[in-house]
Amino acid sequence: MAVIHRTTMSPGKLELLAAWMPSRPWYRGGGAPLLAKAGGFRLDDPEGEVGIEFMVVTDTSGDSPVTYQVPLTYRGAPLEHAEDGLIGTSEHGVLGRRWIYDGAHDPVLVGQLLALLAGRTAAQDQNASDVPDPTVEVLTGGPGVPRGLTGPEAVTDTADASLVTVGPSTQEGPAPTLALCRVLRPAPAGDGAAGRVLAGWSAPDGARQHGQFAHLAASER
């Protein structure tokens, strides 16, 4: 169970993201981001070591607001072979120095997102300890999540998403790909095929929006 501490972080998450996001291919702003937290949810690390947050931020620096998903992990030590995914470090008021990663590069986040898609874990409230978030919708069914997935084997950023290869290619077919949507767009509840996660966020005017956060394209096995 993740424990949510009511404390400070220096620098704060929005400050770190504002410095990091302009370097990403999916960032659509033209200058320094003006970020506001807009929602999200958490997953628990079964080992209790890594914080996992699917954070939603809205950038109002451009002509019109753009809402992004930034999956984050928080670690007490650097993650080996994940230098490309490091967003920065921050001093946590309770836990001390934390290494903050783009979760697409972190095997703990990827593994728990696959567990969510398979129905083996539940989304948790972003701001409270040990409180499930029933607003997160997981569309199961279809072929389901293939067994034995590992990863991330590779991460490719596009203009809209991060594509995470979550297992090796085999003679039976290509490796499955987990797509983490970066630019969020509203969609009806239940929209889309199986193997998807949908969740909500708040628009700048306070209206509630709901759309796809992730989906899995699984090879035949």
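Everything below is about the structure printed above this text.
Read on for an overview of the structure. (Residues numbered from 1 in each chain as written. Predicted model: local features only at pLDDT ≥ 70, side-chain atom pairs only at ≥ 80, totals over all residues. Heavy atoms only, no water.)

### Structural notes on the sheet that holds strand S5 (residues 86-92)
On the basis of which strands lie adjacent, the open sheet formed by six strands has the order S1-S5-S6-S4-S3-S2 and antiparallel pairing. The open sheet terminates on both sides in strands that have one partner only, identified here as strand S1 (9-10) and strand S2 (35-43). In this structure, S5 lies alongside strand S6 (residues 96-102), joined through six bridges in antiparallel fashion. What sits directly across from Thr89, in S6, is Trp99. In this fold helix H1 (residues 13-20) packs onto S1, S2, strand S3 (51-59), strand S4 (66-75), S5 and S6, with an angle of close to 160° to the strand it touches most, S5. Against the sheet, helix H2 (residues 107-117) makes contact with S2, S3 and S4, and its axis sits at roughly 90° relative to S3, the strand it touches most. (Pairing = 2+ DSSP bridges. Helix = DSSP H or I, 4+ residues; strand = E, 2+ residues; numbered from the N terminus. Contact = heavy atoms within 4.5 Å. Axes fitted to C-alpha atoms, helices over the stretch in contact; angles between N-to-C directions.)

### Topic: H2
Counting buried positions along H2 gives eight out of eleven residues, so the element sits mostly inside the fold. Within H2, burial applies to Leu109, Val110, Gln112, Leu113, Leu114, Ala115, Leu116 and Leu117. The backbone nitrogen of Val108 lies 2.9 Å from a side-chain oxygen of the residue at the head of H2, namely Asp106. At the C-terminal side of H2, Gly119 shows a positive phi close to 80°. (Buried < 20%, exposed > 50% of the residue type's maximum accessible area, 1.4 Å probe, protein only. Polar contact = N/O pair within 3.5 Å; in protein donor to acceptor, adjacent residues only side chain to side chain.)

### Some words on the environment of Pro25
Tracing the backbone shows Pro25 in the loop between H1 and S2. Taking C-alpha positions, Pro25 is 9.5 Å from Ser162, a pair spaced 137 residues apart along the chain. Apart from the residues lying within four places of it in its own chain, the contact partners of Pro25 are Asp157, Thr158 and Ala159.

### Looking at the pairing of strand S12 (residues 208-217)
By the bridge criterion, four bridges tie strand S10 (residues 177-181) to S12 in an arrangement that is antiparallel. Of the residues in S12, the one forming a bridge with Leu178 is Leu216. Strand direction decides the pairing type here: strand S11 (residues 196-202) and S12, joined by seven bridges, are antiparallel. Bridge pairing in S12 links Trp201 to Gln209.

### A few points about the nonpolar core
The nonpolar side chains of a soluble globular protein tend to be buried with one another. Within the largest apolar cluster, 29 residues are counted, with the highest numbers of intra-cluster contacts made by Phe41, Phe54, Leu113, Val166 and Leu178. Looking at this core, the elements with two or more residues in it are S2, S3, H2, S10, S11 and S12. Broken down by element, the residue count for this core peaks at six residues, all from H2. In this structure Phe41 touches Glu53, Phe54, Leu116, Ala123, Gln124, Gln126, Asp133, Val136, Val197, Ala199 and Phe213, once residues within four positions along its chain are discounted. Ranked by size, the runner-up nonpolar core spans 17 residues in total, among them Met21, Trp26, Leu72 and Ile100. (Core = buried A, V, L, I, M, F, W, Y, C linked by side-chain atoms within 4.5 Å.)

### Topic: H1
For H1, the complete set of buried residues consists of Leu16, Leu17 and Trp20. Projected onto a plane normal to the axis of H1, the buried residues spread over an arc of 95° and lie on a single side. The exposed residues of H1 that point more than 90 degrees off its buried face are Glu15 and Ala19. In the core, the buried residues of H1 are packed alongside S2, S3, S4, S5 and S6. (Arc of directions from axis to C-beta.)

### Quick notes on the environment of Thr140
When you line up the elements, Thr140 lands in the loop between strand S7 (137-139) and strand S8 (154-157). On a C-alpha basis, the gap between Thr140 and Asp102 in space is 25 Å, while along the polypeptide they are 38 residues apart. Sequence-distant contacts of Thr140, that is, excluding residues within four places in its chain, are made with Leu117 and Ala194.

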